[in-house]
Every structure is written in structure tokens, then in C-alpha cells.
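# Reading the structure
Listed below, chain by chain, are the residues.
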Amino acid sequence: MSAYMRKNDDGICSSKWKSLRKYVTLINKENDERQGQDIRQPCLSFVTKEEKRMADYHKMWEELGMDVETHDQLCEVLPQAFGDVYLSQENRPEGMDYYNFVVAEIHGVRPAELIEHQKKGGKVFGTFCVYVPDEVVFAADAIATGLCGGSQFWVPGGEKVLPTNTCPLIKASVGARLDRTCPFFRIADMYVGETTCDGKKKAWEILAEDVPVHVMDLPQMKRKKDVKAWADEIRTFRKVVEEMTGNQVTAESLHSAIVLINNKRRALSRLYDLRKNEKLPISGKDVLLISQIAFYDDPARFTEMTNKLCDELEQRVKDGVSVFPGGNKENYADRYAACHSELETT
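Residues numbered from 1 in each chain as written. Predicted model: local features only at pLDDT ≥ 70, side-chain atom pairs only at ≥ 80, totals over all residues. Heavy atoms only, no water.

## Observations concerning the overall build of the protein chain
The line we're drawing: Counting from the N terminus, the helices are the DSSP runs of H or I reaching at least four residues and the strands are the DSSP runs of E reaching at least two. For each residue, the accessible area found with a 1.4 Å probe, counting protein chains only, is set against the maximum for its type, and the residue is called buried under 20%, exposed over 50%, and partly exposed in between. Contacts: residue pairs with any heavy atoms within 4.5 Å of one another. Only the protein chains shown count as cover for residues, and all accessible areas are computed by the Shrake-Rupley method using a 1.4 Å probe.
Along the protein chain, the regular secondary structure elements total 17 helices and 4 strands. A burial count over the protein chain gives 46% of its 346 residues as buried. Of all intrachain contacts in the protein chain linking residues separated by at least 6 positions in sequence, the fraction that spans at least 24 positions is 67%. Surface summary for the protein chain: the accessible area is close to 18000 Å², and the carbon and sulfur share equals 52%.

## Some words on the pairing of strand β4 (residues 213–216)
Convention followed: Any two strands are treated as partners once DSSP identifies two or more bridges connecting them. Seen with the strands pointing away from the viewer, any crossover whose path from the first strand over the helix to the second strand runs clockwise is right-handed.
The alternating pattern of β4 places H214 and M216 on a buried face and V213 and V215 on a face that is not buried. Across 4 bridges, the pairing between strand β3 (residues 190–194) and β4 is parallel. Following the sheet pairing, E194 is matched in β4 by M216. The β-α-β motif built from β3, the intervening helix α12 (residues 198–207) and the parallel element β4 has right-handed crossover chirality.

## Here's the deal with a nonpolar patch on the surface
Here is the rule: Patch membership requires over 30% relative accessible area and the absence of a salt bridge. Like charges are linked within 9 Å, and nonpolar side chains (Val, Leu, Ile, Met, Phe, Trp, Tyr) within 5 Å. Throughout this description, the term salt bridge denotes a Lys or Arg side-chain nitrogen within 4 Å of a carboxyl oxygen of Asp or Glu.
A cluster of nonpolar residues, V130, Y131 and F295, forms a patch on the protein surface that exposes about 320 Å² of accessible area. Take F295: it is sitting in the loop between α15 (284–293) and α16 (299–319).

## Description of the sheet that holds β3
Note the cut-off: In this description, a line fitted to the C-alpha atoms serves as the axis of each element, helices being fitted only across the stretch in contact, and the angle between N-to-C directions of two axes falls anywhere from 0 to 180 degrees.
Ordered by their spatial adjacency, 4 strands build an open sheet running β2-β1-β3-β4, and the pairing between neighbours is parallel. Of all the strands in the sheet, the pair left with one neighbour each is β2 (143–146) and β4. On average, each strand axis in the sheet is tilted by 25° relative to the strand beside it, whichever way the strands run. Here α12 sits on the sheet in contact with β3 and β4, set at roughly 160° to β3.

## Section: the side chain of K171
Residue position: K171 is located in helix α10 (residues 168–178). A relative accessible area of 4% means that K171 is categorised as buried. Residues within four places of K171 in sequence aside, it is in contact with W154, V155, G158, E159, L162, P163, T164 and T166.

## Section: the packing of aromatic side chains
Applicable threshold: Working definition: a ring pair exists when centres of Phe, Tyr or Trp rings (six-membered ring for Trp) sit within 6.5 Å. Plane angles under 30 degrees give stacked, over 60 give edge-to-face, the rest tilted.
Under the counting rule described, the total for this entry stands at 10 aromatic pairs. With 6.3 Å between their ring centres and 75° between their planes, Y99 and F302 make a pair best called edge-to-face. You can see Y99 sitting in helix α6 (residues 96–104) and its partner F302 sitting in helix α16, a full 203 residues away along the chain. Summarising the aromatic geometry, the rings of F128 and Y191 are spaced 5.6 Å apart at their centres and angled 75° between planes, so their arrangement reads as edge-to-face. Pair noted here: F128 is in the loop between β1 (124–127) and α8 (134–139) and Y191 is in strand β3, with a separation of 63 residues, a long-range link.

## A word on the nonpolar core
Keep this limit in mind: What is meant by a nonpolar core is a set of buried Ala, Val, Leu, Ile, Met, Phe, Trp, Tyr and Cys residues, joined one to another through side-chain atoms within 4.5 Å.
Within the largest apolar cluster, 77 residues are counted, with the highest numbers of intra-cluster contacts made by Y99 and I290. Per-element tally for this core: the top contributor is α6, with 6 residues. Those residues within four positions of Y99 in sequence are excluded, and the remaining contacts are L289, I290, I293, F302, M305, T306 and L309.

## Here we look at the pairing of β2
Burial along β2 is two-sided: I143 and T145 and A144 and G146, pointing in opposite directions, are all buried. In the sheet, β1 pairs with β2 via 4 bridges, with the strands oriented parallel. The partner of G126 across the bridge, within β2, is T145. Following the chain from β1 across α8 to the adjacent parallel β2, one finds a crossover that is right-handed.

## A look at the packing of α10 against α12
When two helices pack together, their arrangement is given by the angle between the helix axes and by the axis-to-axis distance. Put simply, the rule reads: These descriptions rest on fixed angle ranges, namely under 35 degrees for roughly parallel, over 145 for roughly antiparallel, 65 to 115 for roughly perpendicular, and the rest for oblique. Amino acid classes used here: Ala, Val, Leu, Ile, Met, Phe, Trp, Tyr, Cys and Pro are nonpolar; Asp, Glu, Lys and Arg are charged; the rest, including Gly, are polar.
Interhelical geometry of α10 versus α12 gives an angle of 10° and a closest axis separation of 10 Å. Judged by the inter-axis angle, α10 sits roughly parallel to α12. For the pair α10 and α12, the contacting residues are L169, I170, V174, R177 and L178 in the first and G199, K200, A203, I206 and L207 in the second. Considered class by class, the residues forming the contact of α10 with α12 number 7 nonpolar, 1 polar and 2 charged.

Here you go:
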């Protein structure tokens, strides 16, 4: 069995997961001297606090009612895939260490944070799409977390209740809940869906039999009456959130939540803009990974770490550092023209 797949004594973490943890749990003095600061510091306080609970994830999953044995099969596959796709890249930015850690503890640290929030009386809302206004949730002192349906591992579970020709994303979203193999799907007190397609509409009906679900009716056009209808949907959602949390959404709390989420969006926009340079300071793979993490990580912490990564990337741009050996991004227009010309001559 490969190093990626081999389990440790706690039965849950492969050696690759352990190596990823070292990115944030061990201080790299050389990096401190070069950067002047440790980019992983915001997570260290939580890691230190939770270090003794690292081996207790099985207990946490069992308390969530998960199928731990089946879930372990997913845990065994992920390190190999992550290592092959992401860690194999050369010249990755050092700021990616934080995101490596998040993935290494994807079903551990963040779920533990959400559970701790619930123990203090807080609520967690699971969302499936960017159309759901997270600002309303955070304004009520609750937490919004994305519910990922991007794993083929969960598709068979969805096919137990959905036609096989249904979108894999939808089948995976349903399967993750019904097969009890994802902690985020078990933790959320309420799911928030939207009417972006008929398949999702059916999925919400099925999931509503197992967990509270609120569906936001997303307009299909952009007329004035559609804008008004969406505004009404947001007001209705606010009432649902207030009833679920027992907290009122005030003008002040909503303003703070808007600032919080907009700061996250600005950090992501800054990251995306850096990909427009001729010499790419970060790969598209890593940017996609960061975008996915944005859906469930703590927004304030995510914003801070992403801005610090962007600081590093801006310096890379100034120094002419690229993640690709050739240095430049591929010109697809030139490539198309060359292929078209070759076809014409054959």
C-alpha cells in the first residue's frame, strides 16, 4: 500500500495527511525570515487548541450519525488524488500551505468549528449555490457553509432515489446526505436551495424528508418584476433565518455581514485578476481549489489568508516568477490559428 493510502495508528489519517498538517503545525524559521511573518498564524491558535482532538474525528463523525466505515473509504482515496493533482505541481506559492492544511483537515477542523458554534447555541445553514445570500445568515449570528456535491463517491447514493440520467452534481448532493458520508451534510441545521433547474427542485423535495429545507425561488429573467420578486425572496429568507436562529437581523448586523462577505469577494477578485498577467504567478488548479475552499472556510480567516497569498503573488509578478517552465500563459488564439492553418494545408 502506498504512503498516500497507509493509515496511522488513529485509523483516520494517512501519512500524506500528516505531512500536510506539518505545513501549519510546524514553524518554518526560514520562511519567517524570508517573509517576515508566518502566513499560517491565523490557524495556529485553533490548531493548538484542537491538537488533542485530532484523533477524535471518528468519535465526532459517529456522534453525527455518519457511516464511518464507508466514509473511511473516501478518506483513503482523497490524499492520493490531492497529492497527484496539486502537490505534484512545481514552484507553487508558499501561501498555498494554508489551503493544503484546509484540505488535509477538510472533514475535521472546520466541522469541529461548526459543532462548537452549535454548542454555544448557534445555527448552521448549508447552502448549495452562490445565489443564497450568506450575508443574511451571518447577520443573524449564524454560519453559512457550502455543501459540496462534487464527488463521484456520493453519486451511487443519489441514484437510489433519483433517475440515473440526473445531473451527477444533484445525485452527489443527495447521496452525501442519505448515505451519511459527509460531516457538513450532517451538521447543517437547515439546507437552503434554489430553483436553478428541475433536477434541484426534485432534490429539495427528497432532502426535505430528512432535514429542514428552505427553497428560494430564483427568477429566470431580469425584468423589473423579477428583481422585485427576488428582493421579496430575500426578505422571506430573512424571516426564516430569524425564526430558526431566534436572532433578529438588524441594519447594523446586516451591514457588518455585508462587509464581511464583500471582503471575501474582493480577495477572490484580487486573486482572479492576478491570473490575467502574462507570467502566471499561480496555477488555475490552485485558484480553483481556493475558490472551492471559499464556500466553507471561515470568511474572515479565508479573506486574511487569501490577501496574504495575493501579496506574495504580486511580488512574484514583479519578479517575473511563473508557475510554468515557459513562463508565459498559452495563447489559445495563436494555437487555434496554427491548427486551422495546418488543417487547410492538409
